[in-house]
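Now for the letters of each chain:
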Number of protein chains: 2
Amino acid sequence: MSKKIEFFFDVGSPATYLAWTQLPAIAERHHAELVWKPMLLGGVFQATGNSSPATIEAKGRYTRVDFQRYANRYGVPLNHNPHFPINTLQLMRGATAFHGTEKFQPYLTAIFKAIWQDERDMNQPEVVGEVLANAGFDPTEVMALISNPAVKEQLKAVTEEAVERGVFGAPTIFVEGEMFFGQDRLEFVEQALA
Amino acid sequence: MSKKIEFFFDVGSPATYLAWTQLPAIAERHHAELVWKPMLLGGVFQATGNSSPATIEAKGRYTRVDFQRYANRYGVPLNHNPHFPINTLQLMRGATAFHGTEKFQPYLTAIFKAIWQDERDMNQPEVVGEVLANAGFDPTEVMALISNPAVKEQLKAVTEEAVERGVFGAPTIFVEGEMFFGQDRLEFVEQALA
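As recorded in an unreviewed UniProt entry, chain A goes by the name 2-hydroxychromene-2-carboxylate isomerase, listed as coming from Halopseudomonas xinjiangensis. Quoted verbatim from the Catalytic activity (unreviewed entry) field of UniProt, the annotation for chain A is "2-hydroxychromene-2-carboxylate = (3E)-4-(2-hydroxyphenyl)-2-oxobut-3-enoate". Word for word, the UniProt comment on chain A under Sequence similarities (unreviewed entry) is "Belongs to the GST superfamily. NadH family."

Undergrad: How should I be thinking about the confidence of the model for chain A in this particular structure?
TA: Detailed reading of the predicted coordinates is not advisable wherever pLDDT is low. Across chain A, the average pLDDT comes to 97, with 99% of residues at 70 or higher. The complex model carries a pTM of 0.96, and its ipTM stands at 0.94.

Undergrad: Looking at this structure, how should I read the pairing of strand S3 (residues 172–175) of chain A?
TA: Successive residues of a regular strand alternate their side chains across the two faces of the sheet. Residue and element names in this part refer to chain A. Looking at chain direction, strand S1 (residues 4–9) and S3 are connected through three bridges and run antiparallel. Its bridge partner lying in S3, Phe7 is registered against Ile173. With four bridges connecting them, S3 and strand S4 (residues 178–181) associate as antiparallel partners. Bridge assignment links Phe174 to a residue of S4, and that residue is Met179. The turn linking S3 back onto S4 is made up of two residues, and Glu176 within it adopts a positive phi angle of 50°.

Undergrad: For this particular structure, what's the right way to read the packing of helix H1 (residues 14–29) of chain B against helix H9 (residues 186–193) of chain B?
TA: For any two helices packed against each other, the geometry comes down to the angle between their axes and how far apart the axes lie. Residue and element names in this part refer to chain B. For the pair H1 and H9, the least separation of the axes is 11 Å and the interaxial angle reads 20°. Judged by the inter-axis angle, H1 sits roughly parallel to H9. You can see that H1 and H9 cross each other, and the crossing is right-handed. Of the residues in H9, those touching H1 at Ala19, Gln22 and Ile26 are Leu186, Val189 and Glu190.

Each value, and the rule that gives it
- Residues numbered from 1 in each chain as written.
- Chains lettered and ligands numbered in written order.
- Predicted model: local features only at pLDDT ≥ 70, side-chain atom pairs only at ≥ 80, totals over all residues.
- UniProt positions renumbered as here; feature names shortened; annotations may be inferred.
- pLDDT = per-residue confidence, 0-100.
- Pairing = 2+ DSSP bridges.
- Helix = DSSP H or I, 4+ residues; strand = E, 2+ residues; numbered from the N terminus.
- Axes fitted to C-alpha atoms, helices over the stretch in contact; angles between N-to-C directions.
- Parallel < 35°, antiparallel > 145°, perpendicular 65-115°, else oblique.
- Left-handed = near helix turned anticlockwise from the far one by under 90°.
- Contact = placed C-beta atoms within 7 Å.

Dropping the structure here:
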């Protein structure tokens, strides 16, 4: 039986974006199943008392350099979003709504690219609408999906599950009960899969 | 000319202990000069608004597992100190006093071992005295050295230098103007030295 990689993520986190660029290949290399767990990082922060490294000025400055080093190592584009932090509530409801459908990956790709490559201000609903339309989505349809109470409840449930399992930030990955925080632990994830 | 590795450290940090077990070999491999920068992590936290990951319960739990993974990878002993956090003011004044003398490495070895291998309560002056005596130091002599105002000032100066250069935690390493935070960035340190 193939091992599972549970990926608790929020599109507003640059570390999550970096991990997302690498995980599909890691899953393939190890014949592992990638289990997507869209959560709300803001909810995790609130429940655990944690906060973004960017709230400490010196730490925020350093993490930008540090994330860039990983982007270079992975050979992927990463641009610091000047509108950071992005309120990802609606965006993660969208991820929750498309989860399990064939639109899930195109949706994530559009959102991650808009935030972490194209530096779009995804706090603005009209920018989100434009990004989604450009990626072939019908923004009105997406708005209808994400206002579904079941979608809201599902995002809350995954966020609560994350907190119960010890998550305090994004991305957090579980492999067979072992927890790994950050794109910088993907090597350990691979060891756990081996 | 050989490159410099500037190592800003505080003995109370498990990540610093882990980096300390690896850095001499890294310096040797790359014919680099290891420049020791004893600082007071508490002073850095105060100046930057940062705090130990252990202040967030879920993060503290995870980092203990995470540090153990690095200890296993390095093949070095690491035991969580039940008396953590240790007030390291006197201990780092000691490191400052011995800096540049032949007693510096024996002193660091005794202190790191007491905290991160033997789980000693280094908040207690009598325990510190015992640890130092067992390592061949005269505790009364050490006490005299660390009450020297010049030593106190020197520790303050290095701590201020750290903060000015962007340090927000321990250990922090500089190689040719590039800053690296944590034992988990030693690979990048080696790249910068190569």
